[in-house]
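The primary structure of each chain is shown beneath.
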Amino acid sequence: MKIKTNGERLWDSLMEMAKIGPGERGGSRRLALTDADIAGRNLFREWAADAGCTFRLDTMGNLFARREGKNPGAPPVVSGSHLDTQPSGGRFDGILGVLGALEVIRSLNDQGVETDSPVEIVVWTNEEGARFPPAMMGSGVFAGIFDQSEIYTHQDPEGLTVEGELRRTEQLGDTPCETFPIKAYYELHIEQGPVLEAENTSIGVVTGGQGSTWTHVTLQGQGSHAGTTPMNFRKDPMMGAARIITELREIVLKQPGAVGTVGRLETTPASINSIPGQVFFTVDTRHPNEETLAQINLDLKNLVNSVCTEEGLENEFDLIWEAPTLNFHKECISKVRNAAESLAYSHLDIVSGAGHDACQVNRVAPTGMIFIPCENGLSHDEAENTTPEQVAAGADVLLHVVLASACN
Ligand code: GLV
Ligand code: MN
Ligand code: MN
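Note that this is a predicted model, so its numbers are computed, not measured.

Counting its secondary structure elements, the protein contains 12 helices and 16 strands. With respect to the three principal axes, the spread of C-alpha positions in the protein is 80 × 45 × 35 Å. Here the protein, with 408 residues, has 56% of them falling under the buried criterion. When the accessible surface of the protein is summed, it comes to about 17100 Å², and 50% of that surface belongs to carbon and sulfur atoms. Computed over 31 positive and 56 negative side-chain charges, the separation of the two mean positions in the protein equals 2 Å.

With that out of the way, let us pick up the nonpolar core. Counting 92 residues, the largest nonpolar core has L14, F44, M60, L99, Y186, V397 and L398 as the members making the most contacts within it. Among the elements that line this core, the one with the most residues is helix α12 (residues 388-406), at 10 residues. Core analysis: the next-biggest nonpolar cluster, separate from the first, contains 19 residues, I251, V279, L300 and L313 among them.

Turning our attention to the site of ligand 1. In the vicinity of ligand 1, the residues found are E127, E128, R286, A354, G355 and H380. A distance of 2.7 Å is found between an oxygen atom of ligand 1 and a side-chain nitrogen or oxygen belonging to R286. Contact distances for ligand 1 include 3.2 Å between an oxygen atom and a side-chain N or O atom of H380. Against a free-state accessible area of 200 Å², the protein chains account for coverage of 95% of ligand 1.

Each value, and the rule that gives it
- For every chain, the first residue of its written sequence is number 1, and the numbers climb from 1 along that sequence.
- In the order they appear in the text, chains get letters beginning with A and ligands get numbers beginning with 1.
- Restriction of local features to residues with pLDDT of at least 70 applies here, the model being predicted, together with a cutoff of 80 or more for giving and counting side-chain atom pairs; totals for whole chains, interfaces and linings are based on all residues.
- Calculated side-chain values reflect all of the structure's heavy atoms, with hydrogen atoms and water omitted.
- For the purposes of this entry, the term helix denotes a DSSP run of H or I that reaches at least four residues, the term strand denotes a run of E that reaches at least two, and both are numbered from the N terminus.
- For each residue, the accessible area found with a 1.4 Å probe, counting protein chains only, is set against the maximum for its type, and the residue is called buried under 20%, exposed over 50%, and partly exposed in between.
- Residue-level accessible areas treat just the shown protein chains as cover; the underlying method is Shrake-Rupley with a 1.4 Å probe.
- In summary, the charge assignment counts Lys and Arg as positive and Asp and Glu as negative, without counting His or the chain termini.
- Lys charges are placed at NZ, Arg charges at CZ, Asp charges at CG and Glu charges at CD.
- Here, nonpolar core refers to any group of buried Ala, Val, Leu, Ile, Met, Phe, Trp, Tyr and Cys residues whose side-chain atoms link them within 4.5 Å.
- Nearness is judged by heavy atoms alone; a residue qualifies as near a molecule or strand once a single heavy atom is within 4 Å of it.
- By the criterion applied in these results, polar contacts are pairs of N or O atoms within 3.5 Å in which, for protein atoms, one can donate a hydrogen and the other can accept it, and in which residues neighboring in sequence qualify only through two side-chain atoms.

This is how it looks when you write it as structure tokens:
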């Protein structure tokens with residue numbers, strides 16, 4: 001008989017964690033390195049300590065909780081995700097990966113299973129990038145993709161820095177944030193899209209991830225009086241922004257599978273009876289093929305330039321972050337598929353539309369991901385939901401891939 005996790009205990013822990021930094025509609029709001037985020041981490045620490053784990057905190061605030069193996073010198077099998085959320089976030093995005101890994105350790109304890117390799121749970125700092133861009137920050141420094149001293153200077157909209165907030169919240173640990181030998185890394189996550197639910201499938205065997213880019217666009221016009229300035233006298237950056245944003249949809253629709261999002265839009269000054277002098281907005285574009293994504297971004301840049309010429313505006317167009325398309329490790333993918341198969345959970349291969357800490361870790365360690373369905377494919381919203389049964393199936397698969405990697 002295959003050993004299983006305790007799905008009910010995992011669900012209860014997810015619901016308990018969701019009470020910290022509650023959202024307004026039943027979700028969670030724990031922006032990275034806020035007091036709510038730290039309270040969530042502290043709850044996790046209590047639980048992991050009760051499960052017998054020891055801790056390391058690195059200089060990016062990435063937290064590792066370790067269960068020793070028979071061979072303490074062996075590279076650990078690592079599993080985790082993030083506890084920070086979007087501003088109107090759900091109860092599962094990231095949290096499932098952390099508490100799912102905790103459930104694996106609790107289950108190993110319950111059943112007295114010793115592994116050869118140590119098993120570690122990781123809580124990565126600032127996966128969401130909603131407060132401090134970019135996303136996948138802690139895992140990105142860990143994997144050598146971002147430079148820590150540069151990342152320390154990144155600011156939130158209030159001008160607080162990553163380093164300052166790491167210090168204020170006592171999350172700047174003494175272990176250097178750098179990669180170490182890892183036997184395998186696995187991350188359990190909700191799909192955050194509609195495919196598994198539509199296919200009535202329990203487990204997504206994640207084969208890789210699509211490419212993403214984040215761009216900051218600033219349009220500079222002439223601020224003036226809303227009542228006295230005739231329409232033909234105006235250099236109104238909001239009209240430019242409106243044209244660019246609607247045309248962005250057309251650019252994206254020309255490329256099957258592409259997505260484009262304007263998630264932040266800010267006017268300066270923000271006043272009902274002033275023409276804004278400046279408009280700032282963000283653009284997130286994604287596609288599984290890198291050339292296609294590059295073409296979308298080139299089309300967008302050309303669009304911004306031509307609209308600005310026509311509207312009499314200046315612009316700044318800053319690509320602030322790009323993440324390449326990627327494939328996960330063949331053996332990790334097979335282990336996930338085999339575990340789903342042997343537990344008799346329906347499964348299909350899937351490419352991740354979202355970014356994940358696993359995408360960064362993939363550069364430095366054999367990595368795989370497990371998806372479970374989420375209701376109506378919704379995520380990054382408080383409506384995000386899944387079921388105790390789906391969560392349990394995901395945790396069972398995680399348990400078995402961890403065992404497959406840690407017991408030889
Ligand atoms: C991470 O949540 C992303 O933006 O995909
Ligand atoms: Mn996530
Ligand atoms: Mn997310």
